[in-house]
Amino acid sequence: MIAVNDQSVSEVGPRFEFGQCTSRGERSYQEDTATVWQGQNGLLVAVLADGMGGHAGGALASTLVCESFVAAYSGSQSDVRTRLTQALESANRRLFDTVALDPNLAGMGSTLVGANFDARGLSWISVGDSPLYLYRRAEIALLNEDHSLAPALDRLAAEGKITVEQARNDHRRHMLRSAVTGEDLELVDLSRAPLPLQSSDYVIVASDGIHTLDTPDIARLVSAYSNDGPQAVADALVRAVENAREPHQDNTTVVVVRLVG
């Protein structure tokens, strides 16, 4: 388990602090990448990518996606929604160009969550199934769309067409309907307007390894460690995933952000 220390933005504008933690799980390699970039006037951008395509391809894809996203975002002066869209397009082009230079990397790709924190609140763009959660007053909500087959299977279970057990154990559950691969993006979730944040809120950006924990368990852990700050929350979430000892546990990475004051 790897962790970094809490950090915070300049005292100019709102102040956000974050914690970050990752675990390889039962995999022999790490395909998750997470980056936090801090701009002026309290701006903070958290980017998380969960790669796919095998040891080399998945790790490279997630790294390139995060690097390209941050480079494009930090170099733009457009409004937030435009910057988010441009940054995603830049990351997608980077994978296209990389595969064009080395066809052996064909098939690599990544999920992506890019979250912008500023004086207006939280804005995001996402592709894939990496979740973005908001914790507020002991309740937790998934903010972004899940572009895997999991929602469709859960709907079938709710309609009584399959059992809940079948939905949870279906081998297609984690198949992605959209990912950053360098090809056309089938599905993109872009927030319509900034979500105002309160000082007691926690925002969690995670890879899908977090799904080992049920949503109520995530809320319970955030509540238990909320007074200790984002790094304590991030460590507790990843530690709980590891303690579950799933035999095929995927990589798990979390970035936890909160508004101070």
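Report on the accompanying structure. (Residues numbered from 1 in each chain as written. Predicted model: local features only at pLDDT ≥ 70, side-chain atom pairs only at ≥ 80, totals over all residues. Heavy atoms only, no water.)

Some remarks on the packing of helix H5 (residues 215–225) against helix H6 (residues 230–244)
Inference 1: Interhelical geometry of H5 versus H6 gives an angle of 140° and a closest axis separation of 9 Å. Here H5 lies oblique to H6, going by the angle between them. Handedness of the H5/H6 crossing: right-handed. Note on element contacts: H6 touches H5 through Ala232, Val233, Ala236, Leu237, Arg239 and Ala240, opposite Ile218, Leu221, Val222 and Tyr225.
Inference 2: A breakdown of the residues in the contact of H5 with H6 according to their chemical character gives nine nonpolar, no polar and one charged. (Axes fitted to C-alpha atoms, helices over the stretch in contact; angles between N-to-C directions. Helix = DSSP H or I, 4+ residues; strand = E, 2+ residues; numbered from the N terminus. Parallel < 35°, antiparallel > 145°, perpendicular 65-115°, else oblique. Left-handed = near helix turned anticlockwise from the far one by under 90°. Contact = heavy atoms within 4.5 Å. Nonpolar A, V, L, I, M, F, W, Y, C, P; charged D, E, K, R; others polar.)

A short note on H6
Inference 1: With 15 residues, H6 extends 21 Å between its outermost C-alpha atoms, agreeing within 8% with the 21 Å of an ideal straight helix rising 1.5 Å per residue.
Inference 2: Considered for burial, the residues of H6 that qualify are Pro230, Gln231, Ala232, Val233, Ala234, Asp235, Ala236, Leu237, Val238 and Val241.
Inference 3: Once H6 ends, the next one or two residues include arginine 245, with phi positive near 55°. (Expected span 1.5 Å × (residues − 1). Buried < 20%, exposed > 50% of the residue type's maximum accessible area, 1.4 Å probe, protein only.)

Regarding the pairing of strand S8 (residues 132–136)
Inference 1: Counting buried positions along S8 yields four of five residues, so the element is predominantly enclosed.
Inference 2: Taken together, the four bridges between S8 and strand S9 (residues 139–142) define a ladder with antiparallel strand orientation. Across the sheet, the residue bridging to arginine 136 is glutamate 139, located in S9.
Inference 3: Between S8 and S9, which pair antiparallel one after the other, the connecting turn spans two residues, and arginine 137 there sits at a positive phi close to 50°. (Pairing = 2+ DSSP bridges.)

A short note on the nonpolar core
Soluble globular proteins tend to bury their nonpolar side chains together.
Inference 1: Within the largest apolar cluster, 22 residues are counted, with the highest numbers of intra-cluster contacts made by Val65, Phe69, Leu95, Leu112 and Val180.
Inference 2: At the level of secondary structure, the elements contributing two or more residues to this core comprise strand S4 (44–52), helix H1 (54–74), helix H2 (80–101) and strand S7 (121–127).
Inference 3: Ranked by residue count, the leading element in this core is H1, at seven residues.
Inference 4: Discounting chain neighbours no more than four positions away, the residues touching leucine 112 are Leu48, Val65, Phe69, Leu88, Ala91, Ile125, Ser126, Val127 and Val180. (Core = buried A, V, L, I, M, F, W, Y, C linked by side-chain atoms within 4.5 Å.)

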